[in-house]
Each structure stands twice: as C-alpha cells, then as structure tokens.
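# An overview of the molecular structure
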Amino acid sequence: MVVNASGRASGQKAHLYMPTLKENDTHCIDFLYSLSSRDGASPGTLNVYIKVNGGAQGNPVWNASDTVTEGWVKAELAISTFWPNSYQVIFEAVSVQGHPGFIAIDDIRVLAHPCRKAPHFLRLQNVEVNVGQNATFQCTAGGKWSQHDKLWLQQWNGKDTALMVTRVVNHRRFSATVSVGDTSQRSTSRYRCVIRSDGGSGVSNYADLIVKAPPTPIAPPELLAVGATYLWIKPNANSIIGDGPIILKEVEYRTTSGNWAETHVVDSPTYKLWHLDPDVEYEIKVLLSRPGEGGTGPPGPPLVTRTKCAGW
C-alpha cells in the first residue's frame, strides 16, 4: 500500500484498517515500511494506532517521520490485549506540504510467536484508590530494557503520561511505574502501557483506575435513650454518600460549649456513651471508613442532645 505525498496539503491522511483480531496466545505483528523522496526530505508521517474493543482510536503507539528510509525497514507490534478483548491495527499516512515522496507499507504478518525485538507486556492490573490519594500503575514487560526505549502510559482518550521509574527485574524482564495525577474526584478511567523500542512497539491491555469516594452517613445518629451520665444511640450508617464497603464505624462526640472531642470505635448496631456530665448538651457525629489509605470520610450530620439532670 503506497501513498503518493506529492502535491498534497499538510495534514491530509490516508488510513488502512486491518481486520479485527482476537488472539488468545502470544503473537507478533510485523510489517515493512518505507519513506522515500528524491530530495531526501521526509514525505510525511506513518502512524500506527491500536483500537481495542471498537473504542477510541487514541494516540499512535508507533510512528516514523524524521528521515527517509534506506529501502524497506521492518517494525514489530507486540500487542497484549488478552482474550476475550479484540483489537484493530490502523495504519495512517499523513502528508506534509512541499515534501514530495512516497509512504509505503508491505508484508503485514500475524505470527504465532513472540516478537523478537518489541517487548511483550504482562497483564496490567486494575488500580483502586480513594479520592485525593496517589494512584500508581506498574507496567511489566518481557524483553531487554534499553535506555533508548520510550515508555509511557496512555489513557483511553489518548492522553499520554511519561513513566518515571524503570528498573530491570532480570535479564528477561523489566518493569516501570507511573503515578497518575488526577484523583481529585470519584471516577473510573482506563490506561494502558506502551513502549517504543528500536524494533517496534509493545502495547498492554487497558486497566481501570477506579477512584472511590470515602463514605459519609446521610442521616445523624438516632437517640435511643438518655440518662444523666449516658446517651444511647444508633449510628444510622446504612444510608451513605460515597462508596463502601464500610470496614470501620466511629462515633465522635463533644460538648457544644467545649473545644475537645473524643472518638470511639463502634462494633455493634447501637452504642452507649458513658461517663458524661449531667445536664450538658452534646454533639455526636458518625465517621465511616472504607478500605485503603484516605478511606475515612468526613463526619455525617450531627445529633445534638442533652443529658438529664442528676437525680438524688
């Protein structure tokens, strides 16, 4: 397939779509490409996209544009989307005005063995964090790591994030980690790992970044009984704003006229606050926690009540 870039306006595009693939075993796609011109200037750009499950095309996972090639050059695509996910390879030629020449590809093959140069990723795992906490993906690949390789995290919508730390696990495997910046609100987004090496590109499966909101009770605690030195309450923790599961319930109480507060763990449907002062107004709130760092939500609405007067 050849694109004649001569006489084209900048940014004109031609696309070649491969059939949708669903490969269960390790495999490799390789192809030949050529960028040629009479004056030695690049005629444009050749991009490769990997679209998964009919979703967004996103950003390229591989490209060639800088210089013309000396004849045909081989490139590999190590795609690890994992069954039952399907994917489609899209080749894109983009012209540059005033740069006549040809952009060509040939001999696209699907091979039933690992790529020889492009690294294959292991399965990327989902990450769950609470709002405002650090989220980190770990990309692990089989193959040899080179300082010239480019490794990045690609979001479903195409946004790219550079990987910060890469380490060699052994002579056949390396891993890289990246922190995802935006966890400021409850959401679910999808990311995958991409590596560009001298021999081609490797692409992982998409994994979910799930940002959960710590839980907060909707209703204040319910007052069940009151005495001169105690208050018996029901936390009312079943109806919440935010996400479960709830792994910890706490009661926070203080006098409405004081600046101190105490927190007690609640491990039963009801709870009795002892050793209170008679005829004093108290404010009682419930705190709920879900798994993970930062999993404690803000206190729920308060119950304001007064103990009875002391009797003789």
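Residues numbered from 1 in each chain as written. Predicted model: local features only at pLDDT ≥ 70, side-chain atom pairs only at ≥ 80, totals over all residues. Heavy atoms only, no water.

The subject of this paragraph is the UniProt feature "domain: MAM" (unreviewed entry) in the chain. UniProt marks residues 1–117 with the feature "domain: MAM" (unreviewed entry), using the numbering shown here. Its end C-alpha atoms 24 Å apart, residues 1–117 is made of 0% helix and 47% strand. (UniProt positions renumbered as here; feature names shortened; annotations may be inferred. Helix = DSSP H or I, 4+ residues; strand = E, 2+ residues; numbered from the N terminus.)

Another point: the state of the cysteines. Should the sulfur atoms of two cysteines be covalently bonded, the bond is a disulfide. Overall, the coordinates contain two disulfides when judged by the stated rule. Between the sulfur atoms of Cys 28 and its disulfide partner Cys 115 the distance amounts to 2.1 Å. One disulfide, between Cys 28 and Cys 115, carries an S-S torsion of 100 degrees and so falls in the right-handed class. In this pair, Cys 28 is assigned in strand E3 (residues 28–36) and Cys 115 in the loop between strand E8 (102–111) and strand E9 (120–121), connecting sequence segments 87 residues apart. (Disulfide = S-S within 2.5 Å.)

Another point: the side chain of Ser 197. Within the fold, Ser 197 resides in strand E16 (residues 187–197). Take Ser 197: its relative accessible area is 9%, and that puts it in the buried class. Not counting the four nearest positions on each side in its chain, Ser 197 is found in contact with Lys 117, Ala 118, Pro 119 and Asp 149. (Buried < 20%, exposed > 50% of the residue type's maximum accessible area, 1.4 Å probe, protein only. Contact = heavy atoms within 4.5 Å.)

Our focus in this paragraph is the side chain of Glu 92. Secondary-structure assignment places Glu 92 in strand E7 (residues 87–95). For the buried Glu 92, which has no salt bridge, the nearest side chain bearing the opposite charge is Lys 13, at an N-O separation of 4.0 Å. Only 2.8 Å separates the side chain of Glu 92 from the side chain of Tyr 49, close enough to count as a polar contact. (Lys, Arg positive; Asp, Glu negative; His and termini not counted. Salt bridge = Lys/Arg side-chain N within 4 Å of Asp/Glu carboxyl O. Polar contact = N/O pair within 3.5 Å; in protein donor to acceptor, adjacent residues only side chain to side chain.)

A few words on the pattern of salt bridges. For side chains of opposite charge, pairing can occur when their charged atoms come near one another. A full pass over the atoms with the stated rule returns eight salt bridges. Here Lys 74 makes a salt bridge to Asp 30, at a shortest N to O gap of 3.8 Å. Of this pair, Lys 74 sits in strand E6 (residues 73–79) while Asp 30 sits in strand E3, placing them 44 residues apart in sequence. By relative accessible area, Lys 74 is classed as partly exposed at 47%. Across the pair Arg 186 and Asp 243 runs a salt bridge whose closest N-O atoms are separated by 2.6 Å. One end of the pair, Arg 186, is in the loop between strand E15 (173–180) and E16; the other, Asp 243, is in the loop between strand E22 (240–241) and strand E23 (248–255), and 57 residues separate them in sequence.

Here Thr 81 lies in the loop between E6 and E7. Between the alpha carbons of Thr 81 and Asn 53 there is a distance of 9.7 Å; along the sequence they are 28 residues apart. Setting aside residues up to four positions removed in sequence, Thr 81 forms contacts with Val 52, Tyr 87 and Asn 205.

To continue, consider the packing of aromatic side chains. Applying the stated criterion across every chain, the model contains nine aromatic pairs. Summarising the aromatic geometry, the rings of Phe 31 and Phe 91 are spaced 5.1 Å apart at their centres and angled 80 degrees between planes, so their arrangement reads as edge-to-face. Remark: Phe 91 occurs in strand E7 and Phe 31 occurs in strand E3; sequence separation between them is 60 residues. Phe 91 carries the same exposure label as Phe 31, and that label is buried. For the ring pair Trp 156 and Tyr 206, a centre distance of 4.7 Å and an interplane angle of 65 degrees mean the geometry is edge-to-face. Here the residue Trp 156 occupies a position in the loop between strand E12 (150–155) and strand E13 (160–162), and Tyr 206 occupies one in the loop between strand E17 (200–203) and strand E18 (207–212), the gap between them amounting to 50 residues. On the basis of relative accessibility, which here comes to 9%, the residue Tyr 206 falls in the buried class. An aromatic cluster of at least three residues, connected via ring pairs, comprises Phe 31, Tyr 33, Trp 62 and Phe 91. The ring of Tyr 230 is capped by Lys 272, whose NZ or CZ atom sits 4.3 Å from the centre of that ring. (Phe/Tyr/Trp six-rings, centres within 6.5 Å; stacked < 30°, edge-to-face > 60°. Lys NZ or Arg CZ within 6 Å of the ring centre and 35° of its normal.)

This part takes up the sheet that holds strand E25 (residues 271–273). Here we have three strands laid out as an open sheet, ordered E20-E21-E25, and antiparallel in their pairing. Unpaired on one side and paired on the other, strand E20 (222–226) and E25 mark the two borders of the sheet. Taken pair by pair, the neighbouring strands of this sheet meet at an average axis angle of 30 degrees, ignoring direction. (Pairing = 2+ DSSP bridges. Axes fitted to C-alpha atoms, helices over the stretch in contact; angles between N-to-C directions.)

The residue Gln 57 is located in the loop between strand E4 (44–52) and strand E5 (62–64) in this model. Along the primary structure Gln 57 and Gln 88 are separated by 31 residues, whereas in three dimensions their C-alpha atoms are 9.4 Å apart. Not counting the four nearest positions on each side in its chain, Gln 57 is found in contact with Tyr 49, Ile 50, Lys 51, Ile 90 and Glu 92.

The next point concerns the pairing of E12. Among the six residues in E12, five count as buried, and that is most of the element. Pairing of E12 with E16 involves six bridges; the strand directions are antiparallel. If you follow Leu 153 over to E16, its bridge partner there is Cys 193. Pairing between E12 and E13: three bridges, direction antiparallel. Bridging across to E13, Leu 153 finds its partner in Thr 161. Here E12 folds back onto E13, and the loop between the two strands holds four residues, one of which, Gly 158, carries a positive phi near 105 degrees.

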